[in-house]
Amino acid sequence: MTTVLVVNSGSSSLKYQLLDDAEQVLASGLVERIGGEGTITHRGPGGEVSVAAPVPDHAGALALMAATFAEHGPVLAPDVVGHRVVHGGERFSAPVLVDAEVEAAVEELSVLAPLHNPPGLLGIRAARAAFPGVPQVAVFDTAFHATMPPEATTYAIDAELAAERGIRRYGFHGTSHEYVSQAAAAFLGGAGRFVVLHLGNGASACAVSDGRSIATSMGLTPLEGLVMGTRGGDLDPGAVLHLLRTGSTVEEVDTLLNRRSGLTGLTGSGDLRDVLAAAGAGDERAERALGVYAHRVRGYVGAYLAHLGGLDALVFTAGVGENSPEVRARVCAGLGHLGIELDPARNEARGRGVRRISPDDTPVAVLVVPTDEELQIARHALRTVAAAR
Ligand code: ADP
């Protein structure tokens, strides 16, 4: 049996999953609070266990993971390790076997993703040390969007400067958009013109034409586009200049845009469940935030419908998209003239797997598709290793 270990490494946490080549999840878990008194939560054959232990760094996180596998199972002897890497820049338009040169390139790309690439690299280095001789594959969040045409990736600024500094739209959540659009195509019996709405803590929209990304809402960084948990999405760049000229430092603006904006900035909580509950109790700030959130999503749906030349499916995914009938209803309200309609009972019904939440006979199929980035990374890792043999 071939097994794949998928590692998704953040600055203070590390998520993992062990899958076999039949796409069964053998174990999964999460190491939290790396850099201090950490914890691991591990789900294996014997159910879930949670253990506290010091976790000084990412190597320590992998050591704790390996020790937990050894004690609680299953056997951890992966044939390949797949890593989530956020930014692949212009260099990586597909998953790649990691070697010293790839490591160096991921490190160089940290200037474009200072919050995300460094922890990814720490995970890769720790895993290469922990599993010597086991092939490691980097799977990039940007790669699926490499098919976007130049008009969708180009910012209208000084072209030479943009080229010199790598300033263009790259897009993120690509592994999710790819998985979800493939699952939607399988459900519908064919690819077509899809808009995928990945609405989680981070959020992005993607226009997918016959399986290829042609436009997406995140740009040079994951700050652009939709309203998110702590990021506000689209903003006049003049606001940044205004903040800098009126007393804010670069660090303060960075914190504002990455941590104190979006639902957090508007309501004090970045968790959409809190915002829905507050709005339900009559809180006007929360109601306004939901209005801004849905307004932004609808704007992208309309824009992408124009780019795609029509729409076959509107697909909701990630924490909010999969679990909130209310947000889905707010997004779709009044879009019947575009062929987008919900069946209220289907929208409200809880379910697992891919499901249609529009009536059977509407022009646009509205779907809920649970995303599975780990599975998609595992698939890419296996394929990349097989192709290299
Ligand atoms: P991440 O981007 O961290 O992977 P998720 O995709 O798990 O995030 O999405 C997290 C978001 O999903 C949170 O804002 C959370 O409030 C929201 N969410 C989860 N369950 C529900 C629910 N039942 N109703 C509304 N929002 C939900």
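The structure presented is a predicted model; accordingly, all values stated were derived computationally and were not measured.

Enquirer: Lay out the overall build of the protein in plain terms, naming residues and giving numbers.
Expert: The number of helices and strands found in the protein is 15 helices and 14 strands. Compactness check: the protein gives a C-alpha radius of gyration of 21 Å against a globular reference of 21 Å for 389 residues, within 12% of the reference. Taken over the C-alpha atoms alone, the protein extends approximately 55 × 55 × 45 Å along its principal axes. Out of the 389 residues belonging to the protein, those deemed buried represent 50%. Residue pairs in contact within the protein that sit at least 24 positions apart in sequence constitute 62% of those at least 6 positions apart.

Enquirer: Give a description of the UniProt feature "active site" (unreviewed entry) in the protein that names residues and reports values.
Expert: Sequence positions flagged by UniProt for "active site" (unreviewed entry) are, in local numbering, Asp141. Among the structural elements, aspartate 141 can be located in the loop between strand E8 (136-140) and helix H4 (150-153). Ignoring any residue separated from it by four or fewer positions in sequence, one finds aspartate 141 in contact with Arg84, Val85, Val86, Gly171, Phe172, His173, Gly174 and Thr175. Reaching out from aspartate 141, the side chain makes a polar contact with the side chain of arginine 84 at a distance of 2.7 Å.

Enquirer: Quick rundown of the packing of helix H7 (residues 237-245) against helix H8 (residues 250-259)? Include the residues and the values.
Expert: Interaxial distance between H7 and H8 falls to 9 Å at its minimum, and their mutual angle equals 140°. Put simply, H7 runs oblique to H8. Seen from above, H7 lies across H8 with right-handed handedness. Contacts from Val240, Leu243 and Leu244 of H7 reach H8 at Val250, Val253, Leu256 and Leu257. Residue composition of the contact of H7 with H8, by class: seven nonpolar, no polar and no charged.

Enquirer: So what about the pattern of salt bridges? Which residues, and what values?
Expert: Counted under the stated rule, the structure contains 15 salt bridges. Arginine 168 is the salt-bridge partner of glutamate 90, the closest N and O atoms lying 2.9 Å from each other. One end of the pair, glutamate 90, is in the loop between strand E6 (80-85) and strand E7 (96-97); the other, arginine 168, is in the loop between helix H5 (159-165) and helix H6 (174-188), with 78 residues separating them in the sequence. Look at glutamate 90 and you get exposed, because its relative accessible area is 59%. The salt bridge partner of glutamate 287 is arginine 330, with a shortest N-O separation of 3.1 Å. Here glutamate 287 is found in helix H11 (residues 284-308), whereas its partner arginine 330 is found in helix H13 (residues 325-332), with 43 residues between them in sequence. Classification of arginine 330 as partly exposed rests on a relative accessible area of 24%. Through salt bridges with shared partners, a single ionic network connects Glu103, Glu107, Arg125 and Arg128.

Enquirer: So what about the layout of surface pockets? Which residues, and what values?
Expert: Approximately 300 Å³ is the volume found for the second largest pocket. Along the wall of the second largest pocket there are 15 residues; nearest its centre are Asp271, Leu272, Arg273, Gly319 and Val320. For the lining of the second largest pocket, the secondary-structure elements that each account for two or more residues are helix H10 (272-280) and helix H12 (318-323). Classifying every residue of the lining of the second largest pocket by side-chain character gives six nonpolar, seven polar and two charged.

Enquirer: So what's going on with a nonpolar patch on the surface? Which residues, and what values?
Expert: There is a patch of nonpolar side chains on the surface, built from Leu241, Leu244 and Val250 and spanning about 260 Å² of accessible area. Checked against the element boundaries, leucine 244 lands in helix H7.

Enquirer: An account of unusual backbone geometry is needed here, citing residue identities and associated values.
Expert: A cis amide bond links glycine 73 with the next residue in sequence, proline 74, at an omega value of -5°. Mapped onto the fold, proline 74 is located in the loop between helix H1 (58-72) and E6. With a phi close to 65°, glutamate 23 is a non-glycine residue in the positive phi region. In this structure, glutamate 23 sits in the loop between strand E2 (13-20) and strand E3 (25-32). Taking the relative accessible area as the measure of exposure, glutamate 23 reaches 35% and is therefore partly exposed. Phi at arginine 33 takes a positive value of approximately 55°, unusual for a residue other than glycine.

Enquirer: Give me the nonpolar core: which residues, what numbers.
Expert: Counting residues in hydrophobic clusters, the biggest one holds 43 residues, and the most contacted among them are Leu197, Leu199, Tyr293, Leu314, Phe316 and Ile340. Looking at this core, the elements with two or more residues in it are strand E9 (193-199), strand E10 (203-209), H10, H11, strand E12 (313-317), H13 and strand E14 (365-368). When residues in this core are grouped by element, the largest group, 11 residues, is from H11. Excluding anything up to four places from it in sequence, phenylalanine 316 contacts Leu197, Leu199, Gly321, Arg328, Val331, Cys332, Ile357, Val366, Leu367, Val368 and Val369. Grouped together as the second largest cluster of nonpolar side chains are 26 residues, Val137, Val180, Ala313 and Ala365 included.

Enquirer: I'd like a rundown of the site of the ligand, residues and numbers included.
Expert: Around the ligand there are 13 residues in total, and Gly200, Asn201, Asp271, Leu272 and Gly319 lie nearest to it. In the environment of the ligand, an oxygen atom lies 3.1 Å from a nitrogen or oxygen atom belonging to the side chain of asparagine 201. The backbone of arginine 273 places a nitrogen or oxygen atom 3.5 Å from an oxygen atom of the ligand. Applying the majority rule of atoms within 2 Å of the grid points places the ligand in the second largest pocket. Only H10 and H12 provide two or more residues apiece to the shell around the ligand. Split into classes, the residues belonging to the shell around the ligand amount to four nonpolar, seven polar and two charged.

Reading the values: the criteria
- Residues numbered from 1 in each chain as written.
- Predicted model: local features only at pLDDT ≥ 70, side-chain atom pairs only at ≥ 80, totals over all residues.
- Heavy atoms only, no water.
- Helix = DSSP H or I, 4+ residues; strand = E, 2+ residues; numbered from the N terminus.
- Rg over C-alpha atoms; globule rule 2.2 N^0.38 Å.
- Buried < 20%, exposed > 50% of the residue type's maximum accessible area, 1.4 Å probe, protein only.
- Contact = heavy atoms within 4.5 Å.
- UniProt positions renumbered as here; feature names shortened; annotations may be inferred.
- Polar contact = N/O pair within 3.5 Å; in protein donor to acceptor, adjacent residues only side chain to side chain.
- Axes fitted to C-alpha atoms, helices over the stretch in contact; angles between N-to-C directions.
- Parallel < 35°, antiparallel > 145°, perpendicular 65-115°, else oblique.
- Left-handed = near helix turned anticlockwise from the far one by under 90°.
- Nonpolar A, V, L, I, M, F, W, Y, C, P; charged D, E, K, R; others polar.
- Salt bridge = Lys/Arg side-chain N within 4 Å of Asp/Glu carboxyl O.
- 1 Å grid on protein atoms, 1.4 Å probe; cavity = no way out; pocket = protein on both sides within 12 Å on 5 of 7 lines; lining within 4 Å.
- Points joined across faces, edges and corners; volume = space filled by probe spheres on them.
- Patch = residues over 30% accessible without salt bridge, like charges linked within 9 Å, V, L, I, M, F, W, Y side chains within 5 Å.
- Areas by Shrake-Rupley, 256 points an atom, 1.4 Å probe, with all protein chains shown as cover.
- Core = buried A, V, L, I, M, F, W, Y, C linked by side-chain atoms within 4.5 Å.
- Near = heavy atom within 4 Å.
- Sits in = over half its atoms within 2 Å of the grid points.

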